Amino acid sequence: MNQQLIFNHDYQFDETYMAVRCSVLQGGLRNTVFIRMPEGWTAAAWLVQVREDAFFWEDEIELALKREQLDPDGNLWLDGSV
């Protein structure tokens, strides 16, 4: 486990962005992560799927943060996959 990253497991569906939103603490700073919903999914089903695949998404988030893929507002955007 990476001690510098703390996953808050606060998954919620954000209808504004049509994505699951969660947060992660990195070195004491809170970053917001958006996992975009793929076409053909409902919001409820996508939220359940992301929660069930939490370990996969944690790995994806960790990799994206290592690659410094944050936007200027400190948000991380990931494309959902099926």
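Located above this text is the structure these notes cover.
Overview of the structure. (Residues numbered from 1 in each chain as written. Predicted model: local features only at pLDDT ≥ 70, side-chain atom pairs only at ≥ 80, totals over all residues. Heavy atoms only, no water.)

For the structure shown, the criterion picks out 4 salt bridges. Linking Asp 79 and Arg 36 is a salt bridge whose minimum nitrogen-to-oxygen distance equals 2.9 Å. Of this pair, Asp 79 sits in strand 5 (residues 75-79) while Arg 36 is found in strand 4 (residues 29-36), placing the two residues 43 residues apart along the sequence. Here Asp 79 falls in the exposed class, since its relative accessible area comes to 54%. (Salt bridge = Lys/Arg side-chain N within 4 Å of Asp/Glu carboxyl O. Helix = DSSP H or I, 4+ residues; strand = E, 2+ residues; numbered from the N terminus. Buried < 20%, exposed > 50% of the residue type's maximum accessible area, 1.4 Å probe, protein only.)

Within the fold, Glu 58 resides in helix 2 (residues 54-66). At 3.4 Å, the side chain of Glu 58 and the side chain of His 9 are in polar contact. Other than its neighbours up to four places away in sequence, Glu 58 contacts Phe 7, His 9 and Tyr 11. (Polar contact = N/O pair within 3.5 Å; in protein donor to acceptor, adjacent residues only side chain to side chain. Contact = heavy atoms within 4.5 Å.)

Counting across every chain of the model gives 6 aromatic pairs. Ring geometry for Phe 56 against Trp 57: centres 4.9 Å apart, planes inclined by 80 degrees, an arrangement best described as edge-to-face. On the basis of relative accessible area, Phe 56 is assigned to the partly exposed category, the value being 39%. Exposure remark for Trp 57: the relative accessible area of 4% places this residue in the buried category. Taken together, Trp 41, Trp 46, Phe 56 and Trp 57 form an aromatic cluster joined through their ring pairs. (Phe/Tyr/Trp six-rings, centres within 6.5 Å; stacked < 30°, edge-to-face > 60°.)

With that settled, the discussion passes to the pairing of strand 4. Sheet analysis places strand 3 (residues 19-26) next to strand 4, joined by 8 bridges and oriented antiparallel. Bridge assignment links Val 24 to a residue of strand 4, and that residue is Asn 31. Between strand 3 and strand 4, which pair antiparallel and follow one another directly, the connecting turn spans 2 residues, one of which, Gly 27, has a positive phi of 60 degrees. Pairing geometry for strand 4 and strand 5, over 5 bridges, is parallel. Counterpart to Ile 35 in the pairing with strand 5 is Leu 78. (Pairing = 2+ DSSP bridges.)

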